[in-house]
Amino acid sequence: MNSWKSRKIRAGLSVFFAALWTAASASFLVARAAHHRLGIPRDLHVFDLHKENRAPAPFPDFRALKPKDWGDAAEAWYGDSFAFRDTLIDCGGRVVQDFFHAPRGRIVPGRDGFLFRRGDFGTYDWPEAEDYLGALRFRPEDRAAWLEFLEGTREYCDAVGVQYIELIAPVKGTVQTASYYAPARNHPGKTLAMQMRELLEDSPAKDAVLLPTDTFAAEAARGVILFQRGEDHHYSPVGQYRVYETIAEAIRARHPEVEMLPFETNPSPDLLEGNAAGCCARGLRLHVANPAERDISAEDPFASTFQRKTVYPYRHVCTVRDGGGLTVVMAHDSMMRFTLTSWKEGEGTSRFPFGAGVGTVRTLMYSRLDPDFIDTATKHGDIDVLVEQIAESKLSFVPELSPECAGKLRAAARFSRGTDLKADFRGTAGRRVVVRAVMDDVFPGGVPCAPDDFSMPREELSLLFGGAEVGRSHTYPGKRRAVYFEVDDLPAASVGAEWSVRFSNPEIKPDRVSFAFRLCDESSK
Amino acid sequence: MVFSTIFFLTVFFPLFFLTAWTLGALSERTGRLPTNLFILLASLGFYFWGEGLGVCWLAGSVVFNFLAARIMVSRASDAWRKTVLGLALAANLAFLGVFKYAGFAVSSLNLLPGISLPVPEIALPLGISFYTFQAMSYVVDVYRGDVAPSRNIIDFGCYVTMFPQLVAGPIVRYRDIAERMPRRSVGMERTASGFRRFLCGLAKKVLVANTVGSTADAVWRLLADGHAPPPSMAWAGALAYTLQIYYDFSGYSDMAIGMGRMLGFDFPENFEHPYCSRSVREFWRRWHLSLSTWFRDYLYIPLGGNRRGLARTCLNSMAVFALCGLWHGAGGMFLCWGLWHGMFLMIERLVRGGKTSTAASSGRAADGRATASRLSRAVLGHLYTAAVVVFGWILFRSENFAETGLMLRSMAGLAEPSAESGALWLELSPLFMTAAGAGLLFAYPVVPCLRMFLARHVGGNVLYAAENVALSALGLASILFVAGSTYNPFLYFRF
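All chains use their own residue numbering, which begins from 1 and follows the written sequence. For naming, the first written chain is A and the first written ligand is 1, with later ones following in the order written. Where totals are concerned, whole chains, interfaces and linings use all residues; where local detail is concerned, this predicted model gives features only for residues with pLDDT of at least 70, and gives and counts side-chain atom pairs only at 80 or more. Working from all heavy atoms in the structure, the side-chain values ignore hydrogens and water.

Peer 1: I'd like a rundown of the packing of aromatic side chains, residues and numbers included.
Peer 2: Residues and elements named next belong to chain B. Here a Phe, Tyr or Trp ring, Trp counted by its six-membered ring, pairs with any other such ring whose centre lies within 6.5 Å, and the pair is stacked when the planes are under 30 degrees apart, edge-to-face when over 60, and tilted otherwise. Applying the stated criterion to the full structure yields 80 aromatic pairs over all chains. Aromatic side chains Phe 130 and Trp 327 sit 5.1 Å apart centroid to centroid with 80 degrees between the ring planes, which places their arrangement in the edge-to-face category. Residue Phe 130 is located in helix 5 (residues 128–144), and its partner Trp 327 is located in helix 13 (residues 310–328); the two are separated by 197 residues in the primary sequence. Trp 327 shares its class with Phe 130; the two are buried. For Arg 75, the ring lying beneath its charged end belongs to Trp 80, and the centroid distance is 4.1 Å. The helix count covers DSSP runs of H or I at least four residues long, the strand count covers runs of E at least two residues long, and both are numbered beginning at the N terminus. Any residue under 20% of the maximum accessible area for its type is buried, any over 50% is exposed, and the rest in between are partly exposed; the area is computed with a 1.4 Å probe on protein chains only. Whether a charge sits over a ring comes down to the Lys NZ or Arg CZ being within 6 Å of the ring centre and within 35 degrees of the ring normal.

Peer 1: Give a description of the side chain of Glu 219 of chain A that names residues and reports values.
Peer 2: All names here are of chain A. Mapping Glu 219 onto the fold places it in helix 8 (residues 213–221). Among the polar contacts made by the side chain of Glu 219, one reaches the side chain of Arg 242 at a distance of 2.8 Å. With residues near it in sequence (within four places) discarded, Glu 219 still touches Val 224, Ile 225, Phe 227 and Arg 242. Polar contacts here mean pairs of N or O atoms no more than 3.5 Å apart (in protein, one a potential hydrogen donor and the other a potential acceptor; neighbouring residues in sequence count only if both atoms are side-chain atoms). The contact rule is simple, with two residues in contact once any of their heavy atoms fall within 4.5 Å.

Peer 1: Please set out the pattern of salt bridges residue by residue, giving values where relevant.
Peer 2: Take a side-chain nitrogen of Lys or Arg and a carboxyl oxygen of Asp or Glu: if they are within 4 Å of each other, that pair is a salt bridge. A complete count under the given rule lists 32 salt bridges over all chains for this structure. Residue Arg 85 of chain A pairs with Asp 80 of chain A through a salt bridge whose shortest N-O separation is 3.4 Å. Linked through salt bridges whose partners overlap, the residues forming this network are Arg 197, Lys 204, Asp 254 and Glu 269 of chain B.

Peer 1: Tell me about the sheet that holds strand 11 (residues 385–391) of chain A, residues and numbers included.
Peer 2: Note on sheets: strands pair through backbone hydrogen bonds, and any given pair is parallel or antiparallel. Residues and elements named next belong to chain A. The sheet built from seven strands is open, its strands ordered 4-3-11-9-10-8-7 with mixed pairing. A strand with exactly one partner marks an edge of an open sheet, and here the two such strands are strand 4 (209–210) and strand 7 (293–295). Should DSSP find at least two bridges between two strands, the strands are taken to pair. For strand 7 and strand 8 (residues 318–321), the ladder comprises three bridges, and the chain directions are antiparallel. Considered in strand 8, the bridge of Asp 295 is made with Thr 319. Axis definition: a line fitted to C-alpha atoms, limited for helices to the stretch in contact. Angles are taken between N-to-C directions and run from 0 to 180 degrees. Its contacts with the sheet put helix 9 (residues 237–251) on strand 3 (163–169), strand 4, strand 9 (326–332) and strand 11, and the angle it makes with strand 3 is roughly 150 degrees.

Peer 1: Got a sec to walk through the side chain of Ser 150 of chain B? Specific residues and values, please.
Peer 2: By the secondary structure assignment, Ser 150 of chain B is in the loop between helix 5 and helix 6 (153–161). In this view, Ser 150 of chain B contacts Phe 66, Arg 70, Tyr 138, Asp 155, Phe 156 and Tyr 174 of chain B; residues no more than four positions away in its chain are not counted.

Peer 1: Residues and numbers for the packing of helix 10 (residues 231–262) of chain B against helix 17 (residues 401–411) of chain B, please.
Peer 2: Residue and element names in this part refer to chain B. The interhelical angle for the contact between helix 10 and helix 17, taken along N-to-C directions, is 120 degrees, at an axis separation of 7 Å. By the angle between their directions, the pair helix 10 and helix 17 is classed as oblique. The two elements helix 10 and helix 17 meet at a crossing, and its hand is left-handed. Of the residues in helix 17, those in contact with Pro 231, Ala 234, Trp 235, Gly 237 and Ala 238 of helix 10 are Met 407, Ser 410 and Met 411. Any angle from 65 to 115 degrees is called roughly perpendicular, while one under 35 is roughly parallel, one over 145 is roughly antiparallel, and all others are oblique. Note on convention: near helix rotated counterclockwise from far helix by under a right angle means a left-handed crossing. Clockwise means right-handed.

Next comes the structure, spelled out in structure tokens:
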């Protein structure tokens, strides 16, 4: 080929290349203008993949911003609204996640379409992948706070006649572990649930805390159950059923009569229409039907009392069955709720897969159990079981309580770790004693009790007022109420002496008060 | 505004270049003043976009240095010219010193016993190191008579503020573009060449630097918290940062050079495969050339260079590299990085005995034939340089010596890996491996060698077309990655 022709061809190639990339670069603005003026769609929507489920950045209000911030605000807006955005992001996601198996932002792709989640390094917001890799560690203060919370809550519930269950709900990142890509799959570490299990080894709260992760992971590894959905963190219908089954097993430790509704893999038309009792999978949801169960009205005092606790309209579901049975109160988060009902469907109705033995179920969203909650909840009726659920990945967030609640739990926790004092004990030699006073059938009215309400044998009067801490408690009719307080250096023969509660209003008194004394010694834990 | 963002690529870039080309075509006969004015205004707008009213400092620097050069040549007296030069340089250095080094200087003084001064917190204007050095080179070149002072503040302002090289270089000398400033043509071949270079730089930055950079960042975040990574991850982090800084910087330079070409200018090359070097001296002849030559021409040589004996030469080298380190950042670790390189330059000079023979430094015998011993020397030299450079980057990246020490102990297997380092396994994806592998491969002159080889077997135009296809593929991949960086989903997917 002669050089003139070769130069012409080269020039043509240059023109084509320059024109192509100029047009490509300008096409975004052209598409936006065409969309704005002519209504032509500015995206092809070639793939219909994951949506971001958030509002786009608004067009900036330049008058309200400093000049230095104009650029960032405009780029944030444009970054959410440029032409072909959805298509480019979806194509890029296919390349990065599906081909290269690389994390994109917080999303960690796994096999078979599984998506795991990692937190922003340092903030630990839903860090299930980091948890699997053993990157999360309880600090000493975290361990102390969890022990105090769990032991104190278990003890406080026990004192008022309630079985307490804390369910550490497994997450996809520690259950569906075979779905990780290497090298993550090959480097499991000590998860927070494992650390919690070690922490509770010698704790009196051990039996109250459910840690089913290992069991679920083993079942998932055998392919027995697909516990969680691939693309988000919620349970599958079968996984959700398994979780409630775990709760029922724990309840049966005290109440053997409790059963579960059967799970039907081939549901009958009656079950699907709600005319027969049972459970089955229906799309994303665990469908539960029980003709004997009905909703409790919205005017129910329990429902109205906790209206202020969260901003979610579907925050509580209350159902009751004819024929009696246990009253179960559950506080849980969306992971446990959304397989039963969608928050996008408003209030919705839910049934729970408990069978015979459970009569009433009351639930709350995002409510953390604490002594105030327990006191208020038991005000509205006898409660047999209190279940709290927390996702495993959120164990990094230790409970935060008001000082008053924290003090109560601290006293209860100390009592649970203490050593029983016999009637013939010889004095505490400067060591602390935690006293639990349980009042049965407390009078009607709602009167707070204060340190002055507790009377001790005359010779201990000065000692009690000098060194005791008494929790404030609201009292309710016909209820069981626990109060804990500490005494420094209880002298000999005080145990089992005539300790009593006396209110300033002589018409007010509990029918029965039982006192229990335990020597509190941190080293005896 | 960063070049590798969707806003720059799809809004600023097309609007700017289409306007610039249109103005250029319209002003073919009248000269480039309208185009240069547009470039100046657009560049000031570009700077305002990121810095707001900080653009006033940039404009002030342009006016000051333009006037300084004009005043300098207004009289023939050498004393006058020297005085004006001194004042101009002092003003520029004071400007840079106050904004960039005041805090560091006061913090350093506070280390002395009995001193506790309030540390000033002054916002650092974007690109101040680059445009101040550029302006200083102009006044010195005018003083030396290497270039005539600009008669037109628009042309001069266009030179200083031109956005492609404003914030990250290369540091362009006025004499390199003075001839083309008033009149230049931008044909299709030059435009295509500029696009090719721009796409190459974009791919380097987005596909390699950003990808490996996330691994480097993860490792250093861990170090900052006092947690040791396992040895494999420590080495991966060091390698990742070594690649990140090269591809980030050279990618930006390529984009700047490409855009300069699209405007009709030929900016100097800034990187020449520096990781091929077999000595630290050779490294600095391949790395950030515009900066190293600036220090050579405006500091090293005026200090005497290598013409005043070995001891003075070594002292000059150490001084230059200390300042080079500080130029990169106002911090002790940057200073140490500079001194680290200066130290090895000094050692190499001592080993060479002060010889400057290129034959000695390249390892070739006088007869040009490589022998086995020369080959092994070359390999050893390469490994030695790699070790010095990588260790230098560890100093450069770390906030303090504690981080550096922890990193080195981790690399040597002498630090117990912390449990928190488990999260690093998420970083070793096939994407990282591909980017790191490509980064390592193309750090060597693979493409030029491949081009030479293919040119002998296929026609030049076929090769050109194939390169265009490859660059287009890289450009498309880069845009996918850039678009993907705007993706920010909320947790509750479909619920």
